[in-house]
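Listed below are the residues making up each chain.
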Amino acid sequence: MKKNNKRESIIIAVILLVILAVAFYLDAKLPSYHIAIKVIKKAAVYSLVAVSMNLLNGFTGLFSLGQAGFMLLGAYAYAVLSIPVAKRAGVYQYFDGGIVKFSLPEVFSGFLGESVGSVVGMIVALMIGGLIAALVAYLIGLPVLRLKSDYLAIATLGFAEIVRAFFQWNALGPLTNGSNLLKSYPDLGGASSYLILIGIFIATILLLVNSTYGRAFKAIRDDEIAAEAMGINLAHHKRLAFIISSFFAGVGGGMLAMYMGTVQALSFKSTMTYEILLIVVIFFGGKKIPELMRGMGRGVREVKDASITGSVLTSFLYIASLEWLLRGLDSGEFLGIQAPGLFKNGFRMAVVSVIIMCVVLFFRKGIMGDRELSDLLKRKKNTSKGGARNG
């Protein structure tokens, strides 16, 4: 058994190294504005946010729709703390240069050197954004986590909308720039940098899921009464899952700000949460769709299984399809077929909707279900052994 586990770990490590090598190659050969680089960056960010949502919805059984709000907090924290001092007057032109008079990348560059210090400063700004999101999650979690099912979803969705409106308030302009853009902050670099950093964050979530805390989360998801009878503190572990999920959503929001180059509260609408939910629930995220719907309507347990691998794979497939592969469906030509009357603006989303309907109808648990990459390797090995015996 140990030998098999070691072999699976080696195979997974090789796969990850190959992916990283491809990212390094693309960074070296393609300009930063190339669509392939942009797709990898955005998909990597969405994968982190999807996994953070999966931790809450899939592994703990709490149905929250507040991810966009926590991403907004992380995005603004990163932007505010990273804008160079020399450019703050131009960015905060309507608010006398803002109230924050320092830049973390510049602060760390002062004693670590420009190259290392800038990167450290950006990572610290991301962490602070995650901590702010976690702190807000703790505060709103005290009353909100008493709710269940659709009531919890509505409450967290309302929180996200309130935060979005609050950050556009002119009274906060010296900090948030009101309804104006925040810009001119540094980016981490190429696609490989995004993959490395987000890979570390996702690996941390994976370690948490496989720890005693993760097993407690799954016990709460499966049966709260049985979990409490086994001595699990329900309120504490629900709050912990909510806070951790919000922390990584905040970090994901900061990295999304890096990718976009500008931050505005108007961008963090509820549709952003729905996109993440789409990735987590419908495709590979491992939810049973009928049970989710019954859970929203009747208050029963809505989630039975989850897959981190599925959330990551879907993020890349979804973003690549929507932003790149299916783009021709809106521009008159697709796969060499020219049909301006059919392939016009809006047709791409119609095709995506049909694909979603097919997945819901024919893959009730998602295409991945609750399987991880290691499970697929085990299954392949067992199949080959069975074929050898039959032979």
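Cut-off values and rules
- Sequence positions are assigned chain by chain, starting from 1 and proceeding in written order.
- In keeping with the predicted nature of the model, local features appear solely for residues at pLDDT of at least 70, side-chain atom pairs appear and are counted solely at 80 or more, and the whole-chain, interface and lining totals rest on all residues.
- Excluding hydrogens and water, the side-chain values take into account all heavy atoms of the structure.
- Each patch is built from residues that are more than 30% exposed by relative accessible area and take part in no salt bridge. Like charges join if they lie within 9 Å; nonpolar side chains (Val, Leu, Ile, Met, Phe, Trp, Tyr) join within 5 Å.
- Reported accessibility uses the Shrake-Rupley method at a 1.4 Å probe radius. Residues are deemed covered only where the shown protein chains occlude them.
- Salt-bridge detection follows one rule: a side-chain nitrogen of Lys or Arg within 4 Å of a carboxyl oxygen of Asp or Glu.
- Helix and strand labels come from DSSP, where a helix needs a run of H or I of at least four residues and a strand needs a run of E of at least two; each type is numbered from the N terminus.
- Working definition: with a 1.4 Å probe on protein chains only, accessible area under 20% of the residue-type maximum means buried, over 50% means exposed, and in between means partly exposed.
- Under the convention used throughout, the expected extent of a helix is 1.5 Å for every residue step, that is, one less than its residue count.
- Where helices are involved, their axes are fitted lines through C-alpha atoms of the stretch in contact, as for all axes, and angles between N-to-C directions lie from 0 to 180°.
- Every angle not falling under 35 degrees, over 145, or within 65 to 115 is termed oblique; those three ranges are roughly parallel, roughly antiparallel and roughly perpendicular.
- It only takes one pair of heavy atoms within 4.5 Å for two residues to be counted as in contact.
- Asp, Glu, Lys and Arg are counted as charged, while Ala, Val, Leu, Ile, Met, Phe, Trp, Tyr, Cys and Pro are counted as nonpolar; the rest, among them Gly, fall into the polar class.
- What qualifies as a polar contact is a pair of N or O atoms within 3.5 Å, subject to a donor-acceptor requirement within protein and to the restriction that residues adjacent in sequence count only when both atoms come from side chains.
- Centres within 6.5 Å make a pair out of two Phe, Tyr or Trp rings, where for Trp the six-membered ring is used; the pair is then stacked when the planes are under 30 degrees apart, edge-to-face when over 60, and tilted otherwise.
- Only buried Ala, Val, Leu, Ile, Met, Phe, Trp, Tyr and Cys residues count toward a nonpolar core, and they belong to the same one when joined by side-chain atoms within 4.5 Å.

Student: Describe a nonpolar patch on the surface, listing the residues and the values that go with them.
Tutor: On the surface, F102, V107, F111, L112 and V116 cluster together into a nonpolar patch covering about 450 Å² of accessible area. No other element matches the 3 residues that helix α5 (residues 104-112) contributes to the nonpolar patch. As for its placement among the helices and strands, F111 is situated in helix α5. For F111, a relative accessible area of 56% puts it in the exposed group.

Student: So what about helix α15 (residues 308-325)? Which residues, and what values?
Tutor: For α15, built from 18 residues, the straight-helix expectation of 26 Å at 1.5 Å per residue is met to within 8% by its first-to-last C-alpha distance of 24 Å. Within α15, the full set of buried residues consists of I308, T309, G310, S311, V312, T314, S315, Y318, I319, A320 and L322.

Student: Describe in detail the packing of helix α2 (residues 35-57) against helix α13 (residues 270-281), supporting the description with residues and values.
Tutor: Orientation of α2 relative to α13, taken along the N-to-C sense of each, is 75°, at an axis distance of 9 Å. By the angle class used here, α2 and α13 are roughly perpendicular. Residue-level inspection shows Y46, V49, A50, M53, N54 and N57 of α2 in contact with α13, the latter providing M272, T273, E275, I276, L277, I279 and V280. In the contact of α2 with α13, the residues fall into 9 nonpolar, 3 polar and 1 charged.

Student: Please provide a residue-by-residue account of helix α12 (residues 234-260), values included.
Tutor: When the terminal C-alpha atoms of α12 are compared, their 38 Å separation across 27 residues agrees well with the 39 Å that a helix rising 1.5 Å per residue should span. The buried fraction of α12 amounts to 21 of the 27 residues, a majority that puts the element mostly inside the structure. A side-chain oxygen of the first residue of α12 lies 3.3 Å from the backbone nitrogen of A235; this N-cap is N233. Backbone geometry just downstream of α12 places G261 in the positive-phi region, at approximately 85°.

Student: Give me the lowdown on the packing of aromatic side chains, citing residues and values where you can.
Tutor: What the rule picks out here adds up to 9 aromatic pairs. A centroid spacing of 5.6 Å and a plane angle of 50° characterise the contact between F108 and F111, whose relative ring orientation is tilted. Taken together, the positions of F108 and F111, both in helix α5 and 3 residues apart, correspond to about one turn of that helix. Accessibility expressed as a relative area gives 18% for F108, which makes it buried. The interplanar angle of 45° and the centroid separation of 5.8 Å between the aromatic rings of F166 and W169 together place this pair among those described as tilted.

Student: Which residues make up the nonpolar core, and what are the values?
Tutor: Counting residues in hydrophobic clusters, the biggest one holds 101 residues, and the most contacted among them are L48, F70, Y78, L182, M255, V263 and F268. A per-element tally of this core places α2 first, with 14 residues. Apart from residues no more than four positions distant in its own chain, F70 is found in contact with A133, V136, A137, I140, F159, F242, S246, A249 and G250. One finds A216, A219, A227 and I232 within the second-largest nonpolar core, a separate group that totals 6 residues.

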